[in-house]
Amino acid sequence: MRANVHLRDGLRIELDSGETVVADGRRPAGDINVLSHAHGDHLYRQAPAALVCSELTAALARRRRDEATAGRPARTTHPSVDLLDAGHVAGSQAARIEDEAADVTYLYTGDISTRDRFYLSGFEPPDADVLIVETTYGEPGYVFPPQDELEAEIVDWLDDTLDRPVLLFGYSLGRAQKLQLLVERSERSRLYVSDAIACINAVVETALDVDFGAERSGPDTELAPGDALVLPTQTSKLAFVENIVESTGAVKAGFSGWAVEESFKYRGDYGATFPLSDHCDFNELTAVVEAVDPEIVYTHHGSAEEFATHCTGNLGYEARTLKRNQTALGDF
Ligand SMILES: [Zn+2]
């Protein structure tokens, strides 16, 4: 058997039939094109004619890309591609690809989390011959607390700081929605979000049985103690945020897996940080590899080399790091 995997514009798999599968490309040009989820680093810039993806990912993609310039792909299916809930963000799916002629099954994870949380079911790894896994947190230092403890800690902090407004920073698609649901559990009164987050909220609320109950913040919004405003991560150091902090005494809090490192707090200029993540931590990634039990593991993103070494040295699997524009063939 032979695995034929490349990282070029997206992840590219060549099937024995000569067909190519491209996952998460910017200008996907495969015979079969797959989109795992609608985060910017996975999403097309120029859409192919058709995409294999979930209905919700298609709806979010349309919201995040201008149809006039990026195009509007049709949603399609393919008999060789099975989509499985990835547990990462709303609509996210992993792809299990069957190369029947070669008798090889590939699993492309996209971004994954195995934790059940909020409206998401954790990723349940199937078996496969070739595992292509994201390794954002693929080093032993990246271990997150149990989900229920972490959520309780965040709600406690929201309640302990009621005498001030809070500014909560997370990705517009993913962390931002979870932060709103945590605010709902707390004693905080008013909940605001930015326009970008409100747009994503609307799509997720329509697709899933969930209501974030947030108001759009505008230029006239005046934050008071007890209020919470959820903002996109990349705005954490912008002038308008500093103005809010100065005029209202608001506390800034950052939410990311990177919060296990002290430097995350200083980089984002946060008053508080919590390792709330939409990815697997190191132990969860290890458990995914063992559950899939593949013949070969390909790692990419984040700690790709460290995790490949861990797979080979500690878990006894053949493993390679995928590097862009380098062909990675594996015989097994
Ligand atoms: Zn993602």
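Refer to the preceding data block for the structure.
The written sequence of each chain sets the order in which its residues are numbered from 1. Owing to the predicted nature of the model, reporting of local features is limited to residues with pLDDT of at least 70; listing and counting of side-chain atom pairs is limited to 80 or more, with chain, interface and lining totals taken over all residues.

(A) Spotlight on the sheet that holds strand 12 (residues 191–193). Any two strands between which DSSP finds at least two bridges are classified as paired. Helix and strand definitions here come from DSSP, where helices need a minimum of 4 consecutive H or I residues and strands a minimum of 2 consecutive E residues; each element is numbered from the N-terminal end. Spatially, 13-12-14-11-15-16 is the arrangement adopted by the 6 strands of the open sheet, whose pairing is parallel. Each edge of the open sheet is held by one strand with a lone partner, namely strand 13 (215–216) and strand 16 (272–274). Direction of pairing for strand 11 (residues 166–170) relative to strand 14 (residues 228–232): parallel, over a ladder of 5 bridges. Its bridge partner lying in strand 14, L168 is registered against V230.

(B) Looking closely at the sheet that holds strand 9 (residues 104–108). The sheet built from 6 strands is open, its strands ordered 7-8-9-10-17-18 with mixed pairing. The sheet is open, and its two borders are formed by strand 7 (81–85) and strand 18 (318–321), each paired with just one other strand. Going from strand to strand, the sheet's axes swing by 20° on average, the running direction of each strand aside. For the purpose of contact definition, each residue receives a C-beta atom placed from its backbone, and two residues are in contact when these atoms lie within 7 Å. For helices, the fitted axis covers only the stretch in contact; all axes are lines through C-alpha atoms, and the angles between them, taken along N-to-C directions, range from 0 to 180 degrees. Where helix 8 (residues 282–292) meets the sheet, it contacts strand 9, strand 10 (130–135) and strand 17 (296–302), and its direction lies at approximately 175° from that of strand 10.

(C) Spotlight on the nonpolar core. Residues of type Ala, Val, Leu, Ile, Met, Phe, Trp, Tyr and Cys that are buried and joined through C-beta atoms within 7 Å form what is called a nonpolar core. Between the buried cut of 20 or more and the exposed cut of 12 or fewer other C-beta atoms within 10 Å of a residue's own C-beta lies the partly exposed class, and all C-beta atoms are placed from the backbone. Formed by 91 residues in total, the largest nonpolar core has its most connected members in L131 and I132. Shared between two domains, this core holds at least three residues of each, these being domain 1 (2–141 + 279–331) and domain 2 (147–274). Once you skip the residues sitting within four places of it in the chain, I132 turns out to touch V5, L11, Y106, L107, Y108, T109 and Y298. Throughout, the edges of the domains are those of an automatic or database domain assignment.

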